[in-house]
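Reading the structure
As a plain string of letters, each chain reads:
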Amino acid sequence: RDTSFFMDRETAITASQTIRLMLEGSFKEAQDNIIQLPDISGYILEKVVQYLHYKAQYSNSESRIPEFPIEPELALELLIAAKYLDC
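Everything in this summary refers to the structure shown in the same document. Here the residue numbering is sequential within each chain, running from 1 through the sequence in written order. Reporting of local features is limited, given that this is a predicted model, to residues whose pLDDT is at least 70; pairs of side-chain atoms are given and counted only at 80 or more, and all residues count toward the totals for whole chains, interfaces and linings. Just so you know, side-chain values use all the structure's heavy atoms and leave hydrogens and water out.

**Section: the environment of Y84**
Note the threshold: Counting from the N terminus, the helices are DSSP H or I runs at least four residues long and the strands are E runs at least two residues long. For the exposure calls, accessible area comes from a 1.4 Å probe over protein chains only, and a residue counts as buried if that area is under 20% of its type's maximum, exposed if over 50%, partly exposed in between. The contact criterion used is simple: two residues touch if any of their non-hydrogen atoms lie within 4.5 Å.
By the element assignment, Y84 lies in helix 5 (residues 75–85). Residue Y84 is classed as partly exposed on the basis of its relative accessible area, which comes to 45%. Separated by 68 residues in sequence, Y84 and S16 have C-alpha atoms that sit 9.5 Å apart. Excluding residues that lie within four positions of it along the chain, Y84 makes contacts with T18, M22, L37 and I40.

**Here we look at the pattern of salt bridges**
To keep things clear, this is the line we draw: A pairing counts as a salt bridge when a side-chain nitrogen of Lys or Arg comes within 4 Å of a carboxyl oxygen of Asp or Glu.
Scanning the model with the defined rule gives three salt bridges in all. When the shortest N-O distance is used, the salt bridge between K47 and E71 registers 3.8 Å. Taken as a pair, K47 in helix 4 (residues 42–58) and E71 in the loop between helix 4 and helix 5 lie far apart in primary sequence, 24 residues in all. Look at K47 and you get buried, because its relative accessible area is 8%.

Structure follows, in structure tokens:
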């Protein structure tokens, strides 16, 4: 199944070191402005994108930051994806 996600470039490069390197380096992703992550399932990638938006929203917050919800059965896959994306 083909799953596509769209994300603000600035949010993506600020939140993920891997994405930043892909989009600002001399990689095909930088030329096409498209990143393909076939080893990360669509649902996990959707959760990662949600987290990147959450991280951007609360990065400079001075108020109490709400907990980001993570289902226990997804924790390992999310950890692997987050480690790969360095976010």
